[in-house]
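# Observations on the model geometry
Each chain, letter by letter, is given below.
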Amino acid sequence: MSIFLLDSLVVFLFVEVVLLLLMSVSMFVVLKILRYWDFEASTTFQYGLEKRNYLVNTIIIFTISVKIILFILFIKSLDDLSPLVPGAMCATGVIGVNIYGNILLVYKIFILFLLGAWMIVNKLDLMSKKFTYLRKKYYLFVVIFILLSIEFILEILYFSNISLETPVFCCSVIFVVENLPFGLEVIDIVKIFYLIFISIILSNYFKKSSMSFMLNVLFLFIAYYCVTYYFGTYIYEQPNHKCPFCMLQKDYHYIGYLIWSTLFIGVYCGISPYIVYSLIDVDKKSLLKYNTIFLTLFVLACSYFVCSFYIRNGVFL
Amino acid sequence: MDKIVIENLYKIYNEDKESEFTALKDINLKVASNELMILRGVSGSGKSTLLSLMAAFSKPSRGKILIDGENISKLPDFFASEFRNRDIGFIFQSFNLIEGLSLFENVKIPLVLHPYSTQEIEEKVHHVLNLANIMHKAEQNVADLSGGEKQRCAIARALVNNPSIILADEPTANLDKANSLKFIEVLEKFKNMKKCVVVATHDTLFNDLSFVDNYVNISDGEILA
C-alpha cells in the first residue's frame, strides 16, 4: 500500500500544491511591484499596480492564513499514518521514520513564526497612508516563498521516504536512552524551564524586546523537552510514555491543543516585537503582554497535571 | 483658497479591453472652499464618474485629485473610507437609504464610527433633521416616505457629520418640480453654511441661479471651455 492513498495526506498535499500555485502567481505581481512601485506617481501604470497590490495582498493573506491552519492537518496526517508504520503508535513514531521528519517539523515551526511576522508587517503596512512598509513586506514574502518551496520539497522527500516495512521507535522510552540536550537530567531541564519563564515575565515587565526574543526562543526549545519528558508523563500518568503528540488525541481530552497552542501563540507574541523592530523599525512591544498571558496559561496548564497527580497520589512520578 | 484641485484626471473603464471606454479625459478643475459649483452635462457625459472620484469611491486611471492639498486618489481603502466619513456628504440620485430602518436610524449611520455618546448622536441627528425640515417623520420607516421626504432624509444624512464638502449627483432626477424647487432652496442654505458644494445635474431648473458661483459644462468626459 502506498501512503499517498491516505485521505488526510492526499488533502494535505493537494492544499499545499494549491497554495504554492497561488503564491507563485502572486510572486509575478510582487516582483513587478518591487521593480516599478512609485507611490508618488499618478500614472496609469502606478494606479494599475496599486489595484494589483490589493488583489495580491488578499491572496497572500489567504494563503498564509491557510498555511498556518494547515500545520494542524500536517500533524493529523502524521497521526493517521501511524497504523501503517510498524512500531509507530502516534505521530512521534512517524516523524522519526526517516532523516527528513524532524528537520521538516522544526522547519515548519520556524516558518510558522515567520508567517506570523509577515502578518504583523502587512497589518502595519495597510494601516499606513503611503504603504510605508510595502517593499519590506514583499521582500519578506519573496524570502517566505523560497522557504515554502524548499519546505514543499522536504515534504515530498519525507513522505516518499516513509518505509512501511522498517520498524521504528515511538514514544515509549523503556528501551532507549532519553535524548535530552547538553546531557542534562530531566529535573535540571524543569528547573531551567521555570527559570526562563520567570525571566521572560521580568523581561516583558521591563519591555526589553531583544531579551524577550532570546528568552522565548530558548523557552520554546526547553519547553519542548519539558513537555515531552516531564509534564507529558503526568498527562499520560505513565513514567515511560514520553510523547509530544499523544496528548493531542481524544484519550487525553485533546489537552495537547491547549498546551501547544498557548506555547506557540505565546512565543509568537514574545519574538515578534524584536523581529518587527529589526525589519521595519516599528515598536510592537504591546504584544509582550500577550506573551506573558499565553505563557502563563501554558505553564499553569503544564504544572496543573504535576500538582494534580501529587495531590491524588502523594508522590511524584 | 482652493478646496478641491483636479489635475490631468482620466478615468478609463475596461482598460486594454475591446470594450475600453474613456469616461473622463484630461480634467483640470478647481473648487474653492465655500464655492457652489453646478456641473452640467447630458447623461453619460462623465458627471457622476467625476463626483465618485471626488468622493474617493473609485480610483482614477491617471491624474490627481487634491483635497486640502492631499491626493485622495492615492489613499488606501481604510483611509479613503475615513476621509469620506470625515469630509464628504454625498447625496445620491436614488438616495441610497436603508429600507427597514427609520429615518432617524438612516441619518445616524455616518456617526456610528465616531466615539460620540448616545446623547450627542441624538442631538446631531435632531439638528440636521430640523435643518432638512423632516423632524416630524423621524421615527417613520424610510420605505414609507415620499420621494421628496426621502431626499430630505438623504440631505440630513449628508450633513450629519458636518462635512466640508457636499456632493450631489442628479439630486432632482427622481423628484417632481415642486420638490426640485425645494431642493434648490436647500442648496442656497448650503451656500450660506459656507460649504464647498458640487452638484452634477442635467436639470434645467438649476440654470441661471443667482447664488451659484460657477457653472461647468461637461461633454463626452471633457470640460467645455
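Here is what the cut-offs are and how they apply
- Residues numbered from 1 in each chain as written.
- Chains lettered and ligands numbered in written order.
- Predicted model: local features only at pLDDT ≥ 70, side-chain atom pairs only at ≥ 80, totals over all residues.
- Helix = DSSP H or I, 4+ residues; strand = E, 2+ residues; numbered from the N terminus.
- Buried ≥ 20, exposed ≤ 12 C-beta atoms within 10 Å, placed from the backbone.
- Contact = placed C-beta atoms within 7 Å.
- Rg over C-alpha atoms; globule rule 2.2 N^0.38 Å.
- Domains from an automatic or database assignment.
- Nonpolar A, V, L, I, M, F, W, Y, C, P; charged D, E, K, R; others polar.
- pLDDT = per-residue confidence, 0-100.
- Pairing = 2+ DSSP bridges.
- Core = buried A, V, L, I, M, F, W, Y, C linked by C-beta atoms within 7 Å.

Let us now look at the overall build of chain A. Across its full length, chain A carries nine helices and zero strands. For chain A, the sequential pattern of α-helices and β-strands runs α-α-α-α-α-α-α-α-α. Relative to its full complement of 317 residues, chain A shows a buried share of 36%. Taking the intrachain contacts of chain A between residues at least 6 apart in sequence as the baseline, contacts between residues at least 24 apart amount to 69%.

The next point concerns the overall build of chain B. Within chain B, the secondary structure is distributed over six helices and 10 strands. Taken over the C-alpha trace, chain B has a radius of gyration of 17 Å; the compact-globule value for 225 residues is 17 Å, and the two agree within 12%. When the backbone C-alpha atoms are referred to their principal axes, chain B occupies close to 50 × 40 × 40 Å. The buried share among the 225 residues of chain B stands at 41%. The long-range share in chain B, meaning contacts at least 24 apart out of those at least 6 apart in sequence, stands at 71%.

All names here are of chain A. What the domain assignment reports for chain A is domain 1 (3-160) and domain 2 (181-313). Each of domain 1 and domain 2 has a C-alpha centre, and these two points are 25 Å apart. Contact with domain 1, which involves 14 residues of that partner, is made by 14 residues of domain 2. Taken together, the elements giving at least two residues each to the side of domain 1 that touches domain 2 come down to helix H2 (44-81), helix H3 (91-95), helix H4 (99-126) and helix H5 (134-160). Element by element, the count of residues in the side of domain 1 that touches domain 2 is highest for H4, at six residues. Among the residues making up the side of domain 1 that touches domain 2, the classes are represented as 10 nonpolar, two polar and two charged.

Between chain B and chain A, the residue contacts involve 11 residues of the former and eight residues of the latter. The dominant element in the side of chain B that touches chain A, judged by the number of residues it contributes, is strand E4 (residues 62-67) of chain B, at three residues. Partitioning the side of chain B that touches chain A into residue classes produces five nonpolar, two polar and four charged.

With 100% of its residues at a pLDDT of at least 70, chain B reaches an overall mean of 91. Reported confidence for the predicted complex is 0.82 by ipTM and 0.82 by pTM.

With that settled, the discussion passes to the pairing of strand E3 (residues 36-40) of chain B. Residue and element names in this part refer to chain B. Burial of E3 is extensive: five of the five residues sit out of reach of the surface. Neither face of E3 is exposed, since Leu36, Ile38 and Arg40 on one face and Met37 and Leu39 on the opposite face are all buried. Examined bridge by bridge, E3 and strand E8 (residues 196-201) share five bridges and lie parallel to one another. Among the inter-strand pairings, methionine 37 is bridged to a residue of E8, identified as valine 198. When E3 meets strand E9 (residues 214-219), the two strands line up parallel, connected through four bridges. Each residue of the ladder has a partner; that of methionine 37, found in E9, is asparagine 214.

What follows is about unusual backbone geometry. Located in the positive-phi region is glutamate 237 of chain A, a residue other than glycine, with phi close to 55 degrees. Following the sequence through the fold, glutamate 237 of chain A ends up in the loop between helix H7 (209-236) and helix H8 (255-280).

Moving on: the nonpolar core. Residues and elements named next belong to chain A. Among the nonpolar cores identified, the biggest contains 78 residues, and Val94, Trp118, Phe219, Cys226 and Phe231 are the most heavily contacted of them. If one sorts the elements of this core by residue count, H7 sits on top with 13 residues. Both domain 1 (3-160) and domain 2 (181-313) contribute no fewer than three residues apiece to this core. If near-sequence neighbours (up to four positions away) are discounted, phenylalanine 231 is found in contact with Cys226, Cys302, Phe305 and Val306.

Examined against the element boundaries, lysine 59 of chain B turns out to sit in the loop between helix H1 (47-54) and E4. Of the residues examined, lysine 59 of chain B has 18 C-beta atoms within 10 Å and is grouped as partly exposed. C-alpha of lysine 59 of chain B to C-alpha of isoleucine 72 of chain B: the two residues are 13 residues apart in sequence and 8.9 Å apart in space. Residues contacting lysine 59 of chain B, with those up to four places away along its chain left out, are Tyr47 of chain A together with Ser73 of chain B.

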